[in-house]
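# Report on the structure
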Amino acid sequence: MTPPIKPLLITDCDEVLVHMVRHFRSWLDEHHAIDFRIGAGDFATSMSRRDGGPVLDQAEMWGLLGGFFPGEMARQTLVPHAAEAIAALAATADIVILTNLTDACQQARIDQLAAFGIDHRVVCNQGGKGEPVARLVAEHGNPVTVFVDDLAVHHDSVARHAPGVHRLHMISEPELAVATPAAPAAHARIDDWREAQGWIADRFAAGVPA
């Protein structure tokens, strides 16, 4: 007899499973003499040179992010209660970490998460997450699926490409969370894994699409 299809959790990593912006800020301060205001908007416009130099442009911002990933990933710390929640949900669900990093960073992300006890499939992506989410759902047999991410743009993308997926907006960094409104395309906003675990488990138990 064919075993039943497990529900599927597709979760982002940075600011969902591990903290990023606080450590990126420290690295910019220590090594680049750049101040970074968490929650002030676009990454580039949130940065300012302490020597009074010109505003950073998008190309410079992406270059700095390229310097942080993967070389400075060891700075990143686990979000409270994330590992415990993922372990509990993995007892009955398949789990995929869908992270917006280049493919060259995949092994570093796998190793980083495994060191925190989170040992699940990691898929790297660039751009909107709607299409890769739709592909993952189809690959797993179209189960009841929950998607967790900190960025509103990805919830909008998933709503368009995989509308039957339950969408949970989560921002684990308190400074960023208070400055960021709930994503309009998400079904719920929860910034703590203890509460999020219950919300996700309830979606799985109900067994119906969004």
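Above this note sits the structure.
To keep things clear, this report deals only with the structure shown in the data block. (Residues numbered from 1 in each chain as written. Predicted model: local features only at pLDDT ≥ 70, side-chain atom pairs only at ≥ 80, totals over all residues. Heavy atoms only, no water.)

## Looking at unusual backbone geometry
- The amide bond that connects F69 to the next residue, P70, takes the cis arrangement and shows omega of 0 degrees.
- Note on placement: P70 falls in the loop between α2 (58-68) and α3 (82-90).
- Although it is not a glycine, A33 sits at a positive phi angle of roughly 50 degrees.
- Turning to its location among the elements, A33 is positioned in the loop between α1 (21-32) and β2 (34-36).
- For H81, which is not glycine, the phi torsion reads 70 degrees and is therefore positive.
- As for its position among the elements, H81 is in the loop between α2 and α3.
- In this structure H81 comes out as partly exposed when scored by relative accessible area, which is 31%. (Helix = DSSP H or I, 4+ residues; strand = E, 2+ residues; numbered from the N terminus. Buried < 20%, exposed > 50% of the residue type's maximum accessible area, 1.4 Å probe, protein only.)

## Some words on the side chain of S46
- Relative to the elements of secondary structure, S46 occurs in the loop between β2 and β3 (47-49).
- Among the residues examined, S46 registers a relative accessible area of 1% and is labelled buried.

## Here we look at the pattern of salt bridges
- Here the structure, examined in full by the defined rule, presents 14 salt bridges.
- Notably, a salt bridge pairs R75 with E30, separated by 2.8 Å at the nearest N-O pair. Placement of R75 in the loop between α2 and α3 and of E30 in helix α1 is noted, with a sequence separation of 45 residues between them.
- Judged by its relative accessible area of 22%, R75 is partly exposed.
- In this structure, a network of salt bridges that share partners links the residues D12, K129 and D149. (Salt bridge = Lys/Arg side-chain N within 4 Å of Asp/Glu carboxyl O.)

## Section: the sheet that holds strand β1 (residues 8-11)
- Read from one edge to the other, the open sheet built from six strands follows the order β5-β4-β1-β6-β7-β8, with strand pairing classed as parallel. Of all the strands in the sheet, just β5 (121-124) and β8 (188-189) have a single pairing partner and so form its edges.
- Sheet contacts for helix α8 (residues 193-206): β1, β6 (145-149), β7 (166-169) and β8; angle to β7, the most-contacted strand, approximately 175 degrees. (Pairing = 2+ DSSP bridges. Contact = heavy atoms within 4.5 Å. Axes fitted to C-alpha atoms, helices over the stretch in contact; angles between N-to-C directions.)

## Comments concerning the packing of α3 against α8
- At their nearest, the axes of α3 and α8 sit 9 Å apart, and the two run at 15 degrees to each other. As judged from the angle between their axes, α3 and α8 are roughly parallel. Relative to α8, α3 is oriented so that their crossing is right-handed. From α3, A82, A85, I86, A88 and L89 reach across to α8, where they touch W193, Q197, I200, A201 and F204.
- When grouped by side-chain class, the residues that make up the contact of α3 with α8 number nine nonpolar, one polar and no charged. (Parallel < 35°, antiparallel > 145°, perpendicular 65-115°, else oblique. Left-handed = near helix turned anticlockwise from the far one by under 90°. Nonpolar A, V, L, I, M, F, W, Y, C, P; charged D, E, K, R; others polar.)

## Structural notes on the packing of helix α5 (residues 130-139) against helix α6 (residues 152-161)
- Running from N to C, α5 and α6 point in directions that differ by 50 degrees, and their axes come no closer than 7 Å. Looking at the two axes, α5 sits oblique to α6. The element α5 and its partner α6 pack so that their crossing is right-handed. Between α5 and α6, the residues in contact are G130, E131, V133 and A134 and S157, V158 and H161, respectively.
- Residue composition of the contact of α5 with α6, grouped by class: three nonpolar, three polar and one charged.

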